[in-house]
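Structural overview
So the chains spell out like this:
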Amino acid sequence: MRTLIKNIKELVQVETGQPKLRAMGKEMAQMETIKDAYLLVEDGKIKDFGPMRGWSGCADREVDATGRLVFPTFCDSHTHIVYANSREHEFVDKIRGLSYEEIAKRGGGILNSAKATAAASEDELYDMAWRRLEDVLRMGTGAIEIKSGYGLSTESELKLLRVIRRLKEKSPMTIKSNFLGAHGIPMEYRGHQEDYVDLVINEMIPKVAAEGLADFIDVFCDQGFFTVADTERILEAGIRYGMRPKIHANEMAVSGGVQVGVKYGAISVDHLEQMGDAEIECLKGSDTMPTVLPGCAFFLNLPLSPARKMIDSGLPVAMASDYNPGTSPSGNMQLVLSMACIRYRLTPEEALNATTLNTAYAMGVSNEVGTIAVGKKANFLVTKPMPSYEYMPYAYGENKVERVFLNGVEV
Ligand code: NIG
Ligand code: FE
């Protein structure tokens, strides 16, 4: 089956040479496009593309994209979309002056979500997560990483990971699962959290691995949550069971999370609102993707991660949504793209690399998605009629996506 997308006003983020696995430093500003282009899909993969005047051949199906641009779909490498309840009451508490940490200390925050999530059935959680997945798909997300972490007991964590497994089976999206048992410290473990860490290591990780439920292992390594020592123990155990680390680091404080992530070969370290020069130095030469979560900093009014400085010092940067009920109740990657430009001063080209190729890297799939390259999955979006690719980050808050194709099929 061959599908031709023809008369594309501009085909964005193509790779004509050898595809890159990630873009770093100055490379982030490089982005190739082809004006008045075609894109040919065969058997779910990108077969060919080029200027319209160079097209000759036949296809089983044609899609006319006159006036519209085609982009690769977004990759969202950091989400927590399996949860039961929204938390708008805490949102109001924050407006009235409480901090995220103060809410967490009195049993709100992650523990609030864990309570509601424990009470929900696997089917209910699946239905809620499925709706969230459908919503972000409509807004152009084609690949997504999903964490557990609102279970915080062996039984509940397994329930969440089984929901993610069902999402993987049913959805045409590229999905990776991440075990985040070390997301919060349950009330009954306060004051002796090492016992909870023991539970994660001795009971949860072996059971998660036995069912093959997690691609990654994550720890919330931050002030008031898990220490560097806790994190090291958990990562060592996860690695023994074949899970690659991804870390929540440096959201509240310079926590040591970046260093411990790099030391254990994390595929990404995420948040990074609190970064010193030592953290930037430590990332240089590593395989770890620094990942910024603009929605979380926006929602919590946190200081901004020094993304510009990281890129200027030669590092790659990825930007993901952090879609979750407590710190970023939106999975809209178009908005993340806009915030990358508006708040972090990335150029549109850098912001696109940050939300597609580099997030694909941060979930280990940049060899198959993240750009328009021959042989990659035919995962792309067709915009509404619009003037230029810069319009995509510029017109924030508006849905500019008209159609989404995954594996060459319209969804
Ligand atoms: O990535 N920082 C830790 N975890 C989530 C927030 C979870 C919550 O508040 O429910 C985050 O921001
Ligand atoms: Fe998160």
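Residues numbered from 1 in each chain as written. Chains lettered and ligands numbered in written order. Predicted model: local features only at pLDDT ≥ 70, side-chain atom pairs only at ≥ 80, totals over all residues. Heavy atoms only, no water.

**Quick look at unusual backbone geometry**
Short version of the rule: Helical segments are the DSSP runs of H or I of at least four residues, strand segments are the runs of E of at least two, and each set is numbered from the N terminus.
Backbone geometry at D36 places phi at a positive 45 degrees, although glycine is not the residue there. Mapping D36 onto the fold places it in strand β2 (residues 32-42). For R345, which is not glycine, the phi dihedral falls at a positive 60 degrees. Along the chain, R345 falls in the loop between α12 (333-342) and α13 (348-355).

**Topic: the site of ligand 1**
Heads up, the rule is: Nearness of a residue to a molecule or strand requires only that one of the residue's heavy atoms be within 4 Å of it. In protein, a polar contact requires one atom able to donate a hydrogen and another able to accept it; more generally it is a pair of N or O atoms within 3.5 Å, and residues adjacent in sequence count only if both atoms are side-chain atoms. All accessible areas in this document rest on Shrake-Rupley with a 1.4 Å probe, and a residue is counted as covered only by the protein chains that are shown. Polar here means any residue other than Ala, Val, Leu, Ile, Met, Phe, Trp, Tyr, Cys and Pro, which are nonpolar, and Asp, Glu, Lys and Arg, which are charged; Gly is therefore polar.
What surrounds ligand 1 is a group of 15 residues, the closest being Y100, Y150, H183, E251 and T327. Take H80: an N or O atom from its side chain is 3.2 Å from an oxygen atom of ligand 1. At 2.8 Å from a nitrogen atom of ligand 1 is found a side-chain nitrogen or oxygen belonging to H183. In isolation ligand 1 exposes 330 Å². Once the protein is present, 100% of that is buried. The residue inventory of the shell around ligand 1, partitioned by class, reads four nonpolar, eight polar and three charged.

**Brief notes about the pairing of strand β12 (residues 289-292)**
Selection criterion: Exposure classes here rest on a 1.4 Å probe applied to the protein chains alone. A residue is buried below 20% of its type maximum, exposed above 50%, and partly exposed in between. Call a crossover right-handed when, viewed with both strands pointing away from you, the route from the first strand across the helix to the second goes clockwise.
Neither face of β12 is exposed, since M289 and T291 on one face and P290 and V292 on the opposite face are all buried. In the classification by handedness, the crossover that spans strand β11 (residues 268-271), the intervening helix α9 (residues 277-283) and the parallel β12 is right-handed.

**A few points about the coordination of the iron ion (ligand 2)**
Note the threshold: Atoms are scored as donors when they are N, O or S and lie within 2.8 Å of the metal, with 3.2 Å used for Na, K and Ca; no water is included, so coordination may look incomplete.
Bound to the iron ion (ligand 2) on the protein side are H78 (NE2), H80 (NE2), H248 (NE2) and D322 (OD), at distances that span 2.1 to 2.3 Å. Between consecutive donors of the iron ion (ligand 2), the numbers of intervening residues give the motif H-x1-H-x167-H-x73-D. The exposure class assigned to H78 is buried, which follows from its relative accessible area of 0%. H80 gets classed as buried once you look at its relative accessible area, which sits at 2%.

**Here we look at the packing of aromatic side chains**
The following threshold applies: Within 6.5 Å between ring centres, the rings of Phe, Tyr and Trp (the latter by its six-membered ring) count as paired, and their orientation is classed by plane angle as stacked under 30 degrees, edge-to-face over 60, tilted in between. Note on criteria: charge over ring means Lys NZ or Arg CZ within 6 Å of the ring centre, with the direction from the centre no more than 35 degrees off the ring normal.
With the rule as written, the count across this model stands at nine aromatic pairs. With a centroid separation of 5.0 Å and 50 degrees between ring planes, the pair formed by Y38 and W55 is classed as tilted. Here Y38, found in strand β2, pairs with W55, found in the loop between β3 (45-51) and β4 (61-64); they are 17 residues apart in sequence, far enough to count as distant. Here Y38 falls in the buried class, since its relative accessible area comes to 5%. Among the residues examined, W55 registers a relative accessible area of 18% and is labelled buried. Pairwise contacts between aromatic rings join Y189, Y196 and F226 into one cluster. A cation over a ring is seen here: K170 above W130, with NZ or CZ 4.3 Å from the ring centre. Above the ring of F216, the side-chain terminus of K246 is found at 5.5 Å from the ring centroid.

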